[in-house]
Amino acid sequence: MPAPNIDTIVSLAKRRGFVFPSSEVYGGLGSAWDYGPLGVELCNNVKQSWWRWIVYDRDDIEGIDSSIILNRLVWQYSGHEATFHDPLVDCRECKTRLRADKIDLPEDGKGSGVAELIRQKRVKCPNCESTDLTEPRLFNMMFRTTLGAAAVEDDPTSLAYLRPETAQGIFINFLNVQTAMRRKVPFGIAQIGKSFRNEITPGNFILRTREFEQMEMEYFVKPDAEHLKLVDEWVEQYVEWFKGLGISGDNLQLHEVPAEELAHYSKRTVDIMYRYFPERPEEPRQWEELMGIAYRTDFDLRSHSSKAVDGEGTRINPDSTEDLSYFDETTKQRFYPHVIEPAAGVNRTVLAVLMDAYSEKTNDKGETRVILKVVPKLAPIKAAILPLAKNKPEIVGMAKAIKRSLQPVLRAVYDDTGGIGKLYARQDEIGTPFCVTVDHQSLEDEAVTVRDRDTWEQERIKVSNLAEHLQNRLKE
Ligand code: GAP
């Protein structure tokens with residue numbers, strides 16, 4: 001049973017230390033969220049799982065970590081300065097800002113286009129129902145900043161952007177990585193990092209924020225590779241990866257992005273969608289993009305290359321000092337590799353994991369308990385060590401010693417801040433797979449009780465076998 005809606009997760013996340021509204025002491029900052037002690041562990045585990053899968057388990061992908069602020073020319077030649085726009089509409093009545101491409105249009109007017117319908121006063125503000133809306137105007141979503149102490153606000157020579165995707169840091173390093181690591185095409189470059197977009201309508205908790213984290217991989221292939229088929233292959237692999245994170249296949253769906261909605265660099269994009277809005281009665285409105293897999297052609301490598309020319313033989317990029325082409329030793333041909341790009345969001349993955357792991361269970365007393373059934377590898381804490389009597393120094397001492405002995409092999413915590421029932425309930429709610437209880441008998445038989453989060457079954461384990469026992473069960 002996944003969470004019935006995002007609000008359920010917002011409340012759990014705040015109560016239990018996963019995610020807090022940012023800048024709350026000053027009334028918050030729309031759409032910004034801070035990850036708390038458990039949230040940062042969950043994010044790290046998602047990122048680590050991805051990095052292991054993409055970089056370590058395969059032999060054809062390298063990892064990098066590029067700068068967030070790049071030379072402005074990167075964004076000029078990537079096309080982002082000219083095209084990374086959203087159409088913005090304002091309600092003159094209540095000042096609500098809307099994205100023109102997300103406005104619900106009247107059924108019989110869909111062919112006319114949003115601008116025409118606004119002129120005809122046939123579009124209503126979803127907030128106040130006014131039809132007094134401005135015509136759509138394009139708004140560039142890149143955050144601007146200025147570089148250097150002497151820079152004045154509008155000096156174009158010091159203008160820079162916070163990156164809106166991690167991908168460009170990979171493209172401009174293509175040749176560095178390829179030559180330093182002596183790679184042959186096909187191979188990939190992966191990166192995890194923050195990206196920034198001045199979204200017009202952020203919202204829905206961590207689903208759409210202005211600062212977020214991406215896990216992107218650019219896979220470089222030959223120009224005559226079967227690109228469209230490769231997109232399908234990566235889609236399949238990612239669906240399996242998400243399932244391995246505990247996300248049910250029933251809550252995943254594929255969406256072939258229509259040609260008119262493709263990004264300027266893409267020839268084909270398939271989005272993997274997650275059911276973030278199960279409460280919505282209309283099924284098509286339950287889904288939102290979790291990630292996208294795009295065929296970016298050779299657009300980016302050519303755009304950043306000094307020697308690439310357009311159809312008329314004119315250099316595309318007179319500012320670049322490098323040619324990012326590749327020489328194939330076997331065929332003796334030089335070409336710009338084509339790219340398949342799986343681009344996933346850390347925050348959207350975390351939200352999907354939390355929603356899918358959410359479950360409720362009723363105990364013997366008829367009380368409903370929340371259990372976060374996250375897969376063990378993602379659980380922020382793997383084992384909680386709980387003393388049955390916190391006023392008994394021998395029991396407390398033994399519990400703390402067990403915690404310390406487990407720490408080198410798995411993330412363990414010691415907790416004595418409540419009665420055992422409360423402690424179990426808290427650990428269930430944050431997804432801790434095992435609670436280890438130290439009781440009076442433990443002092444005699446050097447054994448502890450291990451309680452399973454999902455079944456609530458308990459077994460007695462010798463302290464000397466505990467680390468191995470937990471490690472084996474965490475692999476299940
Ligand atoms: N390099 C390609 C690219 O950035 P994208 O579809 O714009 O593609 C990839 O972004 C992923 O990044 C999305 O599928 C989503 O998971 C995440 N993402 C994008 N914008 C986001 C936002 N405003 N808030 C949270 N995550 C976002």
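Coordinates for the structure precede this section.
Residues numbered from 1 in each chain as written. Predicted model: local features only at pLDDT ≥ 70, side-chain atom pairs only at ≥ 80, totals over all residues. Heavy atoms only, no water.

Right, let's get into the overall build of the chain. Check the secondary structure of the chain and you find 14 helices and 23 strands. Each principal axis of the C-alpha distribution contributes one length, and for the chain these read about 85 × 65 × 50 Å. Relative to its full complement of 476 residues, the chain shows a buried share of 50%. Here the analysis covers contacts within the chain between residues at least 6 apart in sequence; of these, 63% occur between residues at least 24 apart. As displayed, the chain has an accessible area near 23,100 Å², and 48% of this comes from carbon and sulfur atoms. (Helix = DSSP H or I, 4+ residues; strand = E, 2+ residues; numbered from the N terminus. Buried < 20%, exposed > 50% of the residue type's maximum accessible area, 1.4 Å probe, protein only. Contact = heavy atoms within 4.5 Å. Areas by Shrake-Rupley, 256 points an atom, 1.4 Å probe, with all protein chains shown as cover.)

Taken in spatial order, the five strands line up as S20-S19-S21-S22-S23 in an open sheet, and their pairing is mixed. Each of the sheet's edge strands pairs with one partner strand only, and the pair in question is strand S20 (412-414) and strand S23 (458-462). In this sheet, neighbouring strand axes are inclined to one another by 25° on average, regardless of whether the strands run parallel or antiparallel. (Pairing = 2+ DSSP bridges. Axes fitted to C-alpha atoms, helices over the stretch in contact; angles between N-to-C directions.)

This part covers the pairing of strand S18 (residues 368-372). Relative to S18, strand S17 (residues 358-362) runs antiparallel, the two being bridged by five bridges. Bridge pairing in S18 links Tyr358 to Leu372. Connecting S17 to the next strand, S18, in antiparallel fashion are five residues, including Gly366 with a positive phi near 80°.

Looking now at the layout of surface pockets. In this structure, the second largest pocket occupies an estimated 410 Å³ of space. Residue assignment for the lining of the second largest pocket shows that the elements contributing at least two residues are strand S2 (33-35), helix H2 (37-56), strand S9 (187-196) and strand S10 (211-221). The dominant element in the lining of the second largest pocket, judged by the number of residues it contributes, is H2, at four residues. Its residues placed into classes, the lining of the second largest pocket shows 10 nonpolar, six polar and six charged. (1 Å grid on protein atoms, 1.4 Å probe; cavity = no way out; pocket = protein on both sides within 12 Å on 5 of 7 lines; lining within 4 Å. Points joined across faces, edges and corners; volume = space filled by probe spheres on them. Nonpolar A, V, L, I, M, F, W, Y, C, P; charged D, E, K, R; others polar.)

Next up on the list: the site of the ligand. Around the ligand, 21 residues are found, and the nearest of them are Glu165, Glu199, Thr209, Glu216 and Glu289. A distance of 3.0 Å separates an oxygen atom of the ligand from a polar backbone atom of Gly345. When the free accessible area of the ligand is taken as 550 Å², the share hidden by the protein chains comes to 91%. If you list the elements that add at least two residues to the shell around the ligand, you get S10, strand S13 (288-297) and strand S16 (338-345). Residue contributions to the shell around the ligand peak at five residues, all from S13. When the residues that make up the shell around the ligand are grouped by side-chain class, the tally is eight nonpolar, four polar and nine charged. (Near = heavy atom within 4 Å. Polar contact = N/O pair within 3.5 Å; in protein donor to acceptor, adjacent residues only side chain to side chain.)

Right, let's get into the side chain of Asp328. Structurally, Asp328 can be placed in strand S14 (residues 326-328). Residue classification places Asp328 among the buried positions, given a relative accessible area of 4%. In this structure the side chain of Asp328 is engaged in a polar contact, spanning 3.4 Å, whose partner is the backbone nitrogen of Thr331. Apart from residues no more than four positions distant in its own chain, Asp328 is found in contact with Lys222, Gln333 and Phe335.

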